[in-house]
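Residues per chain are reported as follows:
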Amino acid sequence: MAAGIVPKFVGSRVKRREDPRLISGNGTYVDDIKLPGMLAAVMLRSPYGHAKINSIDVEAAKKLPGVVAVLTGEDIRGKLPTLITAAPAQNVPYHPALAQDRVRFVGEAVAVAVAIDQYTAQDALDLIEVDYDPLPVITDPEKALEADAPVIHEQFGNNISTRAEVKSGEIDRAMREADRIIKFRLVNQRLAPVPMEPRGAVAQWNPGSEYLTLWSSTQGPHLLRSYLAEVLKLPEHRMRVIAPEVGGGFGCKLNVYAEEVMTAYLAMLLNKPVKWIERRRENLATTTHGRDLITYIEAPVKNDGTILGLKARFICDMGAYLQLLTPMVPGFAGMMMTGCYKVPAMAFEQLMVFTNKMAPDAYRGAGRPEACFIAERTMDMIALELNLDPAEIRRKNFIPKEAFPAQIASGLIYDSGDYEPALDLALKHIDYPKVRAEQAEGRKHGRYIGIGICSYVEICGIGPSPMLPPSMKGGGWESATIRMEPDSKVTVLTGVSPHGQGQETSFAQLVADELGIGIDDVTVVHGDTAIVQYGTGTFGSRGTSVGGAALMMAVQKLQAKMKKIASTMMEVPPDQLTFNNGTIAMASDLTKSIPLQRVVDASYGHKHPIPGIEPGLNEAGFYEPTACTFPFGTHACVVEVDADTGVVKFLRYVAVDDCGRIINPLLVEGQVHGGIAQGIAQALYEEVIYDENGQLLTATLMDYAVPKAEMLPHYELDSTVTPSPINPLGVKGVGEAGTIGSTPCVVSGVLDALKPFGIKNLDMPLKPEKIWRAIQAARKA
Amino acid sequence: MRVTVTINGQRRSDEIEDRLLLVHYLREVAQLTGTHVGCETSLCGACTVLINGKAVKSCTVLAAQAEGVEITTVEGLVKDGHLHPVQEGFWEEHGLQCGFCTPGMLMLTTDLLSRNPDPSEAEIRHALDGNLCRCTGYQHIINAVQYAARKMRETRKSA
């Protein structure tokens, strides 16, 4: 865009172009796909956390009218290889799509029934007889490390998947020189992502052309195609993966699942389309979980509150098998655990441990909520120990504005940042001095108000390809194609795969402004490997910072070509031209212009061949970021704890986020709101619970506490804008920020309220019963 | 067995299995896939439809129980090519992201506003408790409900 032309769409609250189909029942999710002759597949799942499979009798199930096939692990042994983990790990277990010999967690698939419809397939499951010998179960990752713990994968001799250490700076010296060392244990409990649409897949095999089409509720259709190609031994050009409307992902739909492999395999085996739809119980048991990290922290500090270093030992619960990125997530937590602060030295040890549970993997934030929780709880602990103000302790240790780009102890380089204004703004919104006074007054009368503060920084826009594990398909780059059609309307193909984020709108805003056209003149297409060039997909808040940057590259190539054509038609040098209001015009005099359509006609039409310029208007961009982006901000809350019931009530929730330049404030708000809700859910409500026998006690939405509207506060948002120098858009990413900032903020607030009772730490979720018991114990002591 | 119902103003009669759930009847037999299945235990509300004007979770109703009733699904909200004010509200206020819970939210809101044309924020939050959304954190949904309520009150006033 030329200087002086005001963007019409970028920066505006443009309502979403995705919505008309979604509010009228015209969205097509996987379960809405119906193909002629389609069969339904249903999985039989292990009721045991750990057991030997002696035998499986499927004869009665096979005889049920309407049943087409019943397969067990024995039927795929040697035919389907192990499922894949892309992240490096020392001990990687064999992971069959259907259990063989042993089951290792409740919900593991042991057989699949395929029938004319879902009801019949479900009936068939009741007729399958599995003879199990239960084995000793281990669900506590710390106990799994003990010498006499049952071993989940015998070939490894113990339950350790990986032991890794990262050390940077003079941590031993920091420990020696500290006035005191603050030590504590933190638990990031296990969570279930719970997208409202469970997983699902539909596969269709064309034996004539040996071509497989798979619809899946996935965040990365190209990645899925690449991995399926490897497992099914099919070339990628004979596979089409479509992510239709995807009803939420939050990281858990990035994984490549046993059921996706089996659905495709069954379609090929039976020569019939096959559909598998996950039920909610299966979703809670067998869709990848999140977090589940125990951390032992040691923070060497000076008496004035200066932090000298940070040392942590991570016990990472890996579940029974490693999923696609399971071993990668804790690493992010370690690399980012020093947060917004000048911490010259750090060290962390990771112990990744097998247990009889589902594997965790990426879940909204994937490592950064854990990191932020460590950094922020550390700040609060320091403030508490030294009797300093929690806001001032943060301010004191912030990486100063002048230090950017700032290399932190782990080696990462924060692109840009200015942390104090966000903190100041958040404190101003809650009227910090006043609310502290109210708190003091309240405490005199048995009223327990708490003020929570969290200054966060996170890593987004992954990223330079070396940031991803070497064995991971795709890369850190992203792709886009832009095509101006013969009627001068625009089609954009993006390699990211949005599933609620709204890039059909925000990308259209970008393109419309750049080309001086209307937003309705742009259609953004995504999620189909047969239409869209290879892309890595949507995760880690990379859609706009990486996918948007790729789109800008393609747009600039298109603009250059169109200017060149216009230049010959207008007899004006291309560098003096700009796009304005449906024309290409002279930047110095916008009235001297020709309509875009004439340039398009000249490019496509047979009447106006322009020597030396290829016909057509189709340009592509593949953007490899040089570095990651680091959004930041401060969340502040005021809560009140009812000492008689332990119930936490929100009085205020303020979020000040800096995600760089904002393309659509409405969408940014939506992302922040949703993120905060999920972060609060971790702080107060949600927890995946397995009992000591490996039974999943939170297997329905009755038991797993996804928050309802009444359980969440009214959010007050504000922002600072510090553009990222990394990408041409100046954007940083906002998909996970809310989740990262809110969990420590709320915990900080609740513990601040409980300070008069001498309660220093409580593990999440901070349920009323837990708070009430802590208060009772404190009162007795 | 046979069931006869009116769906979005159209009467239909089908031979069904006794155990068929209403949500599967709507999706598989009547081919109206706008109504979603999110949990099968009436906890998430994605399957909410109107039965005789009242919001009901169709995943825990047998199709057989719907004999003779009038059902409205999300597909029945658009009238004469115009969005229902509730649909408009969700679009204007960014009341949806992935869209999966949305049909249930729209039907629930329609029911709520028919009973309470001017609900407070607290009343809206309470009414939404049976419908889960994982994307929006609910605030934009609340704005959407308020938008729709305003619009419907204004329309009523001018009529």
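Remember, predicted model here, so these are calculated numbers, not experimental data.

### Remarks on the interface of chain B and chain A
At step 1: Opposite the 46 residues of chain B that make contact, chain A presents 53 residues.
At step 2: With both sides pooled, the region where chain B packs onto chain A buries about 4,500 Å², and carbon together with sulfur makes up 55% of that total.
At step 3: In terms of surface lost to chain A, no three residues of chain B exceed Trp91, Arg134 and Gln139 of chain B, which account for 20% of the buried area on that side.
At step 4: Where chain B meets chain A, there are 7 salt bridges.
At step 5: For the pair chain B and chain A, the interface holds 30 residue pairs in polar contact (both at pLDDT 80 or more).
At step 6: Those elements that provide at least two residues to the side of chain B that touches chain A are helix 1 (22–29), helix 2 (85–92), helix 3 (102–115), helix 4 (121–127) and helix 5 (139–158) of chain B.
At step 7: The residue makeup of the side of chain B that touches chain A, split by class, is 20 nonpolar, 16 polar and 10 charged.

### Considering the pattern of salt bridges
For side chains of opposite charge, pairing can occur when their charged atoms come near one another.
All names here are of chain A.
At step 1: Tallied over the entire structure, the rule returns 65 salt bridges over all chains.
At step 2: Arg240 is the salt-bridge partner of Asp528, the closest N and O atoms lying 2.6 Å from each other. Here Asp528, found in the loop between strand 21 (522–526) and helix 15 (543–570), pairs with Arg240, found in strand 11 (residues 239–242); they are 288 residues apart in sequence, far enough to count as distant.
At step 3: The class for Asp528 is buried, based on a relative accessible area of 7%.
At step 4: For Arg240, a relative accessible area of 26% puts it in the partly exposed group.
At step 5: Here the residues in one salt-bridge network are Arg45, Arg199, Glu259, Glu278 and Glu282, joined through shared partners.

### Quick word on empty space enclosed by the protein
Residues and elements named next belong to chain A.
At step 1: For the coordinates displayed, the defined rule picks out 10 cavities of 30 Å³ or more.
At step 2: Considered as a void within the structure, the largest cavity measures approximately 730 Å³ in volume.
At step 3: Taken together, 46 residues line the largest cavity, and the ones lying closest to its centre are Gln501, Ser541, Arg542, Gln671 and Gly735.
At step 4: Mapped onto the lining of the largest cavity, the elements with two or more residues apiece are helix 9 (329–336), helix 14 (503–515), helix 15 and helix 17 (665–685).

### A look at helix 13 (residues 432–444) of chain A
All names here are of chain A.
At step 1: Counted at 1.5 Å a residue, the expected span for helix 13 with its 13 residues is 18 Å, and the 19 Å between its end C-alpha atoms agrees.
At step 2: When helix 13 is considered as a whole, its buried residues turn out to be Tyr432, Val435, Arg436, Gln439 and Gly442. Buried residues of helix 13, seen end-on, are gathered within an arc of 125° and therefore sit on one face of the element. Exposed and facing more than 90 degrees away from the buried side of helix 13 are Pro433, Lys434 and Lys444.
At step 3: Next to the buried residues of helix 13 lie helix 11 (390–397), helix 12 (419–430), strand 18 (448–457), strand 26 (632–641) and helix 18 (737–753).
At step 4: Downstream of helix 13 by a residue or two, Gly446 has a phi angle that is positive, lying close to 70°.

### Regarding the pairing of strand 12 (residues 274–277) of chain A
All names here are of chain A.
At step 1: Here strand 12 shows a buried face lined by Val274 and Trp276 and a second buried face lined by Lys275 and Ile277.
At step 2: Pairing of strand 1 (residues 39–45) with strand 12, which is carried by 3 bridges, proceeds in the parallel orientation. Bridging across to strand 12, Ala40 finds its partner in Lys275.
At step 3: As defined by bridge partners, strand 9 (residues 200–206) adjoins strand 12 across 4 bridges and the pair is classed as antiparallel. Residue pairing in the sheet places Val202 in a bridge with Lys275 of strand 12.

### Let's talk about the sheet that holds strand 14 (residues 309–319) of chain A
All names here are of chain A.
At step 1: Strands sit in the order 7-15-14-13-8 across an open sheet of 5 strands; the sheet is mixed. At either end of the open sheet lies a strand with only one pairing partner, and these are strand 7 (160–168) and strand 8 (180–191). In this sheet, neighbouring strand axes are inclined to one another by 10° on average, regardless of whether the strands run parallel or antiparallel.
At step 2: Contacting strand 13 (290–301), strand 14 and strand 15 (345–354), helix 9 crosses the sheet at an angle of about 165° to strand 15.

### Description of the packing of aromatic side chains
At step 1: A full pass over the atoms with the stated rule returns 14 aromatic pairs over all chains.
At step 2: With 5.1 Å between their ring centres and 65° between their planes, Tyr48 of chain A and Tyr132 of chain A make a pair best called edge-to-face. Placement of the pair is Tyr48 of chain A in the loop between strand 1 and strand 2 (51–57) and Tyr132 of chain A in strand 6 (residues 129–134), with a sequence separation of 84 residues.
At step 3: On the basis of relative accessible area, Tyr132 of chain A is assigned to the buried category, the value being 12%.
At step 4: Centre to centre, the rings of Tyr341 of chain A and Phe398 of chain A are 5.7 Å apart; their planes meet at 5°, and the pair counts as stacked. A residue pair is termed long-range when its members are at least 10 positions apart, and Tyr341 of chain A in the loop between helix 9 and strand 15 and Phe398 of chain A in the loop between helix 11 and strand 16 (406–407) qualify at 57 residues. Side by side, Tyr341 of chain A and Phe398 of chain A carry an identical accessibility label, which is buried.
At step 5: Of the aromatic side chains, those joined through ring pairs into one cluster are Tyr341, Phe398, Phe404, Tyr419 and Phe632 of chain A.
At step 6: In this arrangement the basic side chain of Lys15 of chain A is found over the ring face of Trp91 of chain B, its NZ or CZ atom lying 4.0 Å from the centre.
At step 7: Taking NZ or CZ as reference, Arg542 of chain A lies 5.1 Å from the ring centre of Phe539 of chain A, over its face.

### Regarding the environment of Arg279 of chain A
At step 1: Mapped onto the secondary structure, Arg279 of chain A falls in the loop between strand 12 and helix 8 (280–286).
At step 2: For Arg279 of chain A, a relative accessible area of 29% corresponds to the partly exposed category.
At step 3: For the pair Arg279 of chain A and Val42 of chain A, spaced 237 residues apart in the sequence, the C-alpha separation amounts to 9.5 Å.
At step 4: Each residue touching Arg279 of chain A, except ones within four places of it in the same chain, is listed here: Gln118 and Gln122 of chain A together with Glu40 of chain B.

Here is what the cut-offs are and how they apply
- Residues numbered from 1 in each chain as written.
- Chains lettered and ligands numbered in written order.
- Predicted model: local features only at pLDDT ≥ 70, side-chain atom pairs only at ≥ 80, totals over all residues.
- Heavy atoms only, no water.
- Contact = heavy atoms within 4.5 Å.
- Buried area = accessible area lost by both parts, 1.4 Å probe.
- Salt bridge = Lys/Arg side-chain N within 4 Å of Asp/Glu carboxyl O.
- Polar contact = N/O pair within 3.5 Å; in protein donor to acceptor, adjacent residues only side chain to side chain.
- Helix = DSSP H or I, 4+ residues; strand = E, 2+ residues; numbered from the N terminus.
- Nonpolar A, V, L, I, M, F, W, Y, C, P; charged D, E, K, R; others polar.
- Buried < 20%, exposed > 50% of the residue type's maximum accessible area, 1.4 Å probe, protein only.
- 1 Å grid on protein atoms, 1.4 Å probe; cavity = no way out; pocket = protein on both sides within 12 Å on 5 of 7 lines; lining within 4 Å.
- Points joined across faces, edges and corners; volume = space filled by probe spheres on them.
- Expected span 1.5 Å × (residues − 1).
- Arc of directions from axis to C-beta.
- Pairing = 2+ DSSP bridges.
- Axes fitted to C-alpha atoms, helices over the stretch in contact; angles between N-to-C directions.
- Phe/Tyr/Trp six-rings, centres within 6.5 Å; stacked < 30°, edge-to-face > 60°.
- Lys NZ or Arg CZ within 6 Å of the ring centre and 35° of its normal.

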